[in-house]
Amino acid sequence: MRFEQRTVTCGFLRPEHAGQQVVLNGWVNARRDYGGIIFIDLRDREGVTQVVIDTSHRPELDEQIRDVRSEYVLWVKGAVRLRENPNPKIPTGLIEVLADEIGIINAADVTPFEIVDDLGTNEELRLTYRYLDLRRPVLQRNFLIRNKLYQITHRFFEEEGFVEIETPVLTKSTPEGARDFLVPSRINKGRFYALPQSPQLFKQLLMVSGFDKYMQIVKCFRDEDLRADRQPEFTQIDVEMSFITQEDIIALTERFVLQAWKEILNYEVSTPLLRMPFKTAMERYGSDKPDLRYGLELTNVTITAGVCGFSIFSDAVASGNVVMALNAKGCGSFSRKQIDELGEHAKKYGAKGLPWLKVSGGEVTGSFVKFLSDEHRDLLLQELKAEDGDLLLFSPGEWERACIISGALRTEVARRTGILDGVAGTYSFHWITEFPLLEHSEEENRWIARHHPFTAPMDADVSLLSSDPTHARAIAHDLVINGYEAAGGSIRIHTNDVQQTMFDLLGFTREDADAKFGFLLNALRFGAPPHGGIAFGFDRLVMLLCQTDNIRDVIAFPKTTSGLSLMDGCPSDVDTKQLGDLGIALTRQ
RNA sequence: GGGAUCGUAGCUCAGCUGGUUAGAGCGCUGCCCUGUCAAGGCAGAGGUCGCGGGUUCGAGCCCCGUCGGUCCCGCCA
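Residues numbered from 1 in each chain as written. Chains lettered and ligands numbered in written order. Predicted model: local features only at pLDDT ≥ 70, side-chain atom pairs only at ≥ 80, totals over all residues. Heavy atoms only, no water.

Undergrad: Residues and numbers for the confidence of the model for chain A, please.
TA: Chain-level pLDDT for chain A is 94 on average; 99% of the residues reach the 70-or-more range. Interface confidence in the predicted complex, given as ipTM, is 0.93; pTM for the same model is 0.95. (pLDDT = per-residue confidence, 0-100.)

Spelled out as structure tokens, the structure:
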């Protein structure tokens, strides 16, 4: 099959090229047939160029392109000329190519969906034919942005003196944290590798080795349930440094984000970024990754609520719980049905109900107003700065749970009132710091690490480890962008004894700790430098840069929420020979 | 593990309280048309209502199961 190679792409030509002879290669985006004259829009990843077939100019072409339909692959040779009727909607809209010769490079069946941007097609079909979906300009743009971020990342960290080192993909399964994807070992039957949830331990060991500044763009794997912003395999920018403090990590991260947003979006991130302790974030926004593009802050009304006479509140407070409240500004017009829907939303996060008050025309109504004295009612209104037309939503409960419920209501109210739409296209960057080091697992009835068990406690809180572990804070930092956890890291424990103490606290026996993390404990005995780092969720950064809230829009071949790849059909059955080689027998088909 | 929601033509959807031959737009096929770019006109083809079972005189619609998509809670050190 003969075809002439392109001399320009489909996005290249402009009026100054008029008169030039060119060759285009591309896909048929659309065909408009007028009998004597036919227009073909030819598309490649750079753009679309209109090709004109004029039968009075080249009568033989009419027969040649008779069969040409959408998504055929063509080569076209012809002269560039200015259009009679320009199309201002596309960059090449001032010119067209008058075809002298056309060849069909390959035919195409009718595609299962049209290759257009404003596609209503459901994702199931798009993922089944992902290679066609990826022809759509909107997705092509996302992957060009993704590529830009790869390049910026490598350049930035290179210039900062970092060295990229690859860590293993076949690693040891560790019990803490997310479920591992396991890989059976054929040579060592009955034993398994695990795919890394992150290269955490390897990068710490590289610090012990003296590599000082390490980075890697690396695939990580977590066998947990999926979400709109979560895939089982994902990419992170993994960073670790020695002889540094938390300030160095924060400053480095800010320089990186500044550069990425500048180069890709020409957006000026104003640094230094706001920092907020975990506790403040929870109290004011009900989240450890609050979206700060809008206010709508929460209020802790525990003191007033405790004595207001409403037993749900006073009982909660009497048992050591709190009452958080949200003033949903201007939502006083919400119907009973809408308020009930908010209540249902709150219940998803563990609320038992949703007490509310409404201020309308100087009148206060609500689910529990009859239990309140005028004095306590007015006090609550005052604390919440309630004005006419406001809706007040209350969440009694255990502190963190009550905050989370109120925070979920905050987000939902922002969505329903159009506040979220109003901030689309803007960015808010900030740090959350001073995370609790530990949290208590009811399920396992022991302490578990909130971040991971290698995170160092804040110097001021080291003594709390033995006396009051709940209140020990970690030297940890999360970068939050528009309500997404975009990066997270910490200063690590770099001495054997503190790491051992941590494992003790987490309920590991010495033997356990040794069996699972002995190699780390050993390494910390041989002169480990103080170190720390951060890991960026690469896919989430790309999501934010592309302004999509679906992680599948920035991953070329993603899985569905049940972990399937609809295109190639994995995970799939394997034959018994393969299983036999691995020494594996299935208990159930 | 749990909740919500969806599955009808190639695509997007409509289809009332269970009742005749399941509709529309786009796409597709054919013909016409020399300036369109969401081309237009005329004609036409195209359906196992995701799958299996049940209730009923009768099921796209009701019930049970199952498969798949999406969103969320739990989970995600």
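So that's the structure; there's more coming.
Undergrad: I'd love a proper account of the sheet that holds strand E2 (residues 37-44), names of residues and values included.
TA: Read around the closed barrel, the five strands follow the order E1-E2-E3-E5-E4; overall the barrel is mixed. Averaged over neighbouring strand pairs, the angle between their axes works out to 55 degrees when direction is ignored. Pairing geometry for strand E1 (residues 21-33) and E2, over six bridges, is antiparallel. Each bridged residue has a counterpart across the sheet, and for Arg 31 the counterpart in E2 is Ile 40. (Pairing = 2+ DSSP bridges. Helix = DSSP H or I, 4+ residues; strand = E, 2+ residues; numbered from the N terminus. Axes fitted to C-alpha atoms, helices over the stretch in contact; angles between N-to-C directions.)

Undergrad: I'd like a rundown of the protein's contact with RNA strand B, residues and numbers included.
TA: The local shell around RNA strand B holds 51 residues, among which Asn 85, Ala 449, His 451, Thr 560 and Thr 561 are the closest. Of all RNA strand B atoms lying within 4 Å of any protein atom, the proportion belonging to sugar or phosphate reaches 55%. The contact in question runs from a base nitrogen of RNA strand B to an N or O atom on the side chain of Gln 50, over 2.9 Å. Among the secondary structure elements, those contributing two or more residues to the surface near RNA strand B are E1, E2, strand E3 (47-54) and helix H2 (123-128). When residues in the surface near RNA strand B are grouped by element, the largest group, three residues, is from H2. Across the surface near RNA strand B, the residue classes break down as 13 nonpolar, 17 polar and 21 charged. (Near = heavy atom within 4 Å. Polar contact = N/O pair within 3.5 Å; in protein donor to acceptor, adjacent residues only side chain to side chain. Nonpolar A, V, L, I, M, F, W, Y, C, P; charged D, E, K, R; others polar.)

Undergrad: Outline the packing of helix H15 (residues 496-505) against helix H16 (residues 510-523), supporting the account with residue identities and numerical values.
TA: Where H15 meets H16, the closest approach of the two axes is 11 Å, and the angle between their N-to-C directions is 145 degrees. When the axes of H15 and H16 are compared, the crossing they make is right-handed. Every residue of H16 that contacts H15 at Asn 496, Gln 499, Gln 500, Phe 503 and Asp 504 is listed here: Arg 510, Ala 513, Phe 517, Leu 520 and Leu 521. Here the residues of the contact of H15 with H16 sort into five nonpolar, three polar and two charged. (Left-handed = near helix turned anticlockwise from the far one by under 90°. Contact = heavy atoms within 4.5 Å.)

Undergrad: Describe the sheet that holds strand E20 (residues 476-481), listing the residues and the values that go with them.
TA: In space, the eight strands of this open sheet follow the order E6-E9-E10-E22-E21-E20-E17-E11, with mixed pairing throughout. Both outer strands of the open sheet, strand E6 (163-164) and strand E11 (274-277), are each paired with one neighbouring strand and no more. In this structure, E20 lies alongside strand E21 (residues 484-491), joined through six bridges in antiparallel fashion. Paired with Asp 478 across the bridge in E21 is Gly 488.

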